[in-house]
Amino acid sequence: MPDSYDVVIIGAGPAGLAAGIYAGRAGLNSIMIEKDKGGLIASTFAVENYPGATENISGAMLSERMRQQALSSGCQIMLGEATFVEKKPNGLFETTLLETTLASNKKVLQSISVIAATGTTPRMLGVPGELKYRGKGVSYCATCDAFFFRGKEVVVIGGGDSALQEARYLAKIASKVTIVHRRDEFRATKAEVNATRAIGDKIGFLLNCIPVEIYGAGIVQGVKVQDTQSGGFVDVPCDGVFIYAGLVPQNNIFTGLVDLDSNGYIIAGENTHTSLEGMFAAGDTRTTLLRQVVTACADGAVSALQAGDYISKFVKSNS
Ligand code: NAP
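Here we summarise the structure given alongside this text. (Residues numbered from 1 in each chain as written. Predicted model: local features only at pLDDT ≥ 70, side-chain atom pairs only at ≥ 80, totals over all residues. Heavy atoms only, no water.)

**Quick notes on the packing of helix α4 (residues 161-171) against helix α5 (residues 190-197)**
Thought 1: Running from N to C, α4 and α5 point in directions that differ by 30°, and their axes come no closer than 9 Å. Compared by their axis directions, α4 and α5 come out roughly parallel. α5 is crossed by α4, and the crossing has left-handed handedness. For the pair α4 and α5, contact is made by D161, L164, Q165 and R168 and by E192, V193, A195 and T196, respectively.
Thought 2: The class makeup of the residues in the contact of α4 with α5 is three nonpolar, two polar and three charged. (Axes fitted to C-alpha atoms, helices over the stretch in contact; angles between N-to-C directions. Helix = DSSP H or I, 4+ residues; strand = E, 2+ residues; numbered from the N terminus. Parallel < 35°, antiparallel > 145°, perpendicular 65-115°, else oblique. Left-handed = near helix turned anticlockwise from the far one by under 90°. Contact = heavy atoms within 4.5 Å. Nonpolar A, V, L, I, M, F, W, Y, C, P; charged D, E, K, R; others polar.)

Here's what the structure looks like:
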């Protein structure tokens, strides 16, 4: 017999953690499956725009606080990776996961409701050398790897909030940071652009340039970029390449179960309802206008309360 819960929350980023806090406080028998501790935000060096987080708190610290709050609210946390979710003819969900223990154990959790809070993962550029030099100078996480580039020159690829924010972090450690962006306008907010430009010479900009190759000899030695205006190629010698080319939703396990949009996001509105009754989607993983910690937390809260309503109705109609 699988272990039974009111709600299984898949994902332990801000959306999943907020769902855990609200589900626990609502008295729901809830469990969260945690694959990556804290989600993507845990690798952010400083969270500056979450209301109340005025003390320059790191993403890791903020998510650890949320985690402790979810546990003390009564939500259980299991380390593992959900690999399959199905809804049985009796209306109950079964979530299969590989539990992360010393050995990976396959486990099945039964629940009345499921909250998908699986978040996103960094998008790869897909250029030659990216895979070859991953871990040998190519990184997707400045907070994790900046240490290795003390006094060295690095390139940051992308023009979004992540690229600019992490470039500023790298500028504290590296000798020179060059931001390579494919347009001359940034996707990042004005505040991020201004804060990055205010750093001065330590951060250079190479705009209207597309990275076409990451080259090296055993380790990264540079990036070759193409100027979109002239069509010419430019070599940018560097020791490290930090890629922030956007995010990809982690929704493969939900393909065929709920409706996804053409980019792979779960189609769900503000009420977090998906196309499948009893299943809810919270945070970056759903179709939404804004992907921030504040919106993920709000979604987590809404999804837990919506799941609670669904569970009450389900129990009533099955008793
Ligand atoms: P993003 O906003 O999607 O930006 C990705 C950047 O990579 C864009 O500038 C894009 O260029 C560029 N790019 C994509 N594919 C590329 C390719 N093949 N070659 C070269 N460049 C490529 O991603 P993000 O910065 O990771 O942010 C994701 C979400 O998190 C956003 O909603 C963002 O607001 C949020 N976020 C917020 C904060 C904050 O509030 N402080 C911090 C980090 C992230 P184009 O602009 O030309 O498309």
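Now, onward.
**So, the site of the ligand**
Thought 1: Neighbouring the ligand are 20 residues; N49, D161, S162, R183 and R187 lie closest to it.
Thought 2: Here an oxygen atom of the ligand and a side-chain polar atom of N49 are 2.5 Å apart.
Thought 3: Within the contact set of the ligand, an oxygen atom lies 3.3 Å away from a backbone nitrogen or oxygen of Y244.
Thought 4: Protein chains bury 80% of the 910 Å² of accessible surface belonging to the ligand in isolation.
Thought 5: Top element by residues in the shell around the ligand is α4. It accounts for three residues.
Thought 6: Looking at the shell around the ligand, its residues break down into five nonpolar, nine polar and six charged. (Near = heavy atom within 4 Å. Polar contact = N/O pair within 3.5 Å; in protein donor to acceptor, adjacent residues only side chain to side chain. Areas by Shrake-Rupley, 256 points an atom, 1.4 Å probe, with all protein chains shown as cover.)

**Section: the pattern of salt bridges**
Thought 1: This structure, assessed with the given rule, holds eight salt bridges.
Thought 2: The partner of K107 in a salt bridge is D3, and the shortest N-O contact between them spans 3.4 Å. Residue K107 is located in strand β5 (residues 104-116), and its partner D3 is located in strand β1 (residues 3-10); the two are separated by 104 residues in the primary sequence.
Thought 3: Here K107 falls in the partly exposed class, since its relative accessible area comes to 24%.
Thought 4: A relative accessible area of 31% places D3 in the partly exposed class.
Thought 5: The salt bridge involving E86 is made with K88; its shortest N-O contact spans 3.2 Å.
Thought 6: A network of salt bridges, in which partner residues are shared, links E48, R168 and E192. (Salt bridge = Lys/Arg side-chain N within 4 Å of Asp/Glu carboxyl O. Buried < 20%, exposed > 50% of the residue type's maximum accessible area, 1.4 Å probe, protein only.)

**Observations concerning the sheet that holds strand β14 (residues 240-243)**
Thought 1: Here five strands make up an open sheet; going across it, the order is β7-β14-β8-β9-β10 and the pairing parallel. Looking along the sheet, the strands with just one partner apiece sit at the ends: β7 (138-139) and β10 (203-206). (Pairing = 2+ DSSP bridges.)

**Here we look at the packing of aromatic side chains**
Thought 1: Summed over all chains, the structure comprises five aromatic pairs.
Thought 2: Here F147 and F148 contribute two aromatic rings whose centre-to-centre distance is 5.5 Å and whose plane-to-plane angle is 75°, an arrangement assigned as edge-to-face.
Thought 3: Judged by centre distance (6.1 Å) and plane angle (35°), the ring pair of Y310 and F314 falls under tilted. With Y310 and F314 both in helix α6 (residues 293-317), this residue pair falls four residues apart, about one helical turn. The burial state of Y310 is the same as that of F314; both residues are buried.
Thought 4: Ring pairs connect the aromatic residues F280, Y310 and F314, which therefore count as one cluster.
Thought 5: Directly above the ring of Y265 sits R291, whose terminal nitrogen or CZ lies 3.8 Å from the centroid. (Phe/Tyr/Trp six-rings, centres within 6.5 Å; stacked < 30°, edge-to-face > 60°. Lys NZ or Arg CZ within 6 Å of the ring centre and 35° of its normal.)

**A short note on the sheet that holds strand β11 (residues 209-217)**
Thought 1: Taken together, the three strands give an open sheet; going across it, the order is β11-β12-β13, and neighbouring strands pair in antiparallel fashion. Of all strands in the sheet, those with a lone pairing partner are β11 and β13 (233-237), marking the two edges. Going across the sheet, the axis of each strand differs from the next one's by a mean of 25°, ignoring polarity.

**Things to note about the state of the cysteines**
Thought 1: Across all of its chains, the model carries one disulfide by this definition.
Thought 2: Linked covalently through their sulfurs, C141 and C144 form a disulfide whose S-S length is 2.0 Å. Judged by the sign of its S-S torsion, about 75°, the bond between C141 and C144 is right-handed.
Thought 3: For C141, a relative accessible area of 12% corresponds to the buried category.
Thought 4: Cysteine C238 shares no disulfide, and the gap to the nearest cysteine sulfur, in C209, comes to 14 Å.
Thought 5: Not part of a disulfide, C297 finds its nearest cysteine sulfur in C75, a span of 14 Å.
Thought 6: Owing to a relative accessible area of 12%, C297 belongs among the buried residues under this scheme. (Disulfide = S-S within 2.5 Å.)

**What about the side chain of R168?**
Thought 1: Mapping R168 onto the fold places it in helix α4.
Thought 2: Here R168 falls in the buried class, since its relative accessible area comes to 11%.
Thought 3: When residues no more than four places from it in sequence are discounted, the contact partners of R168 are E48, E192, A195, T196, I199 and I203.

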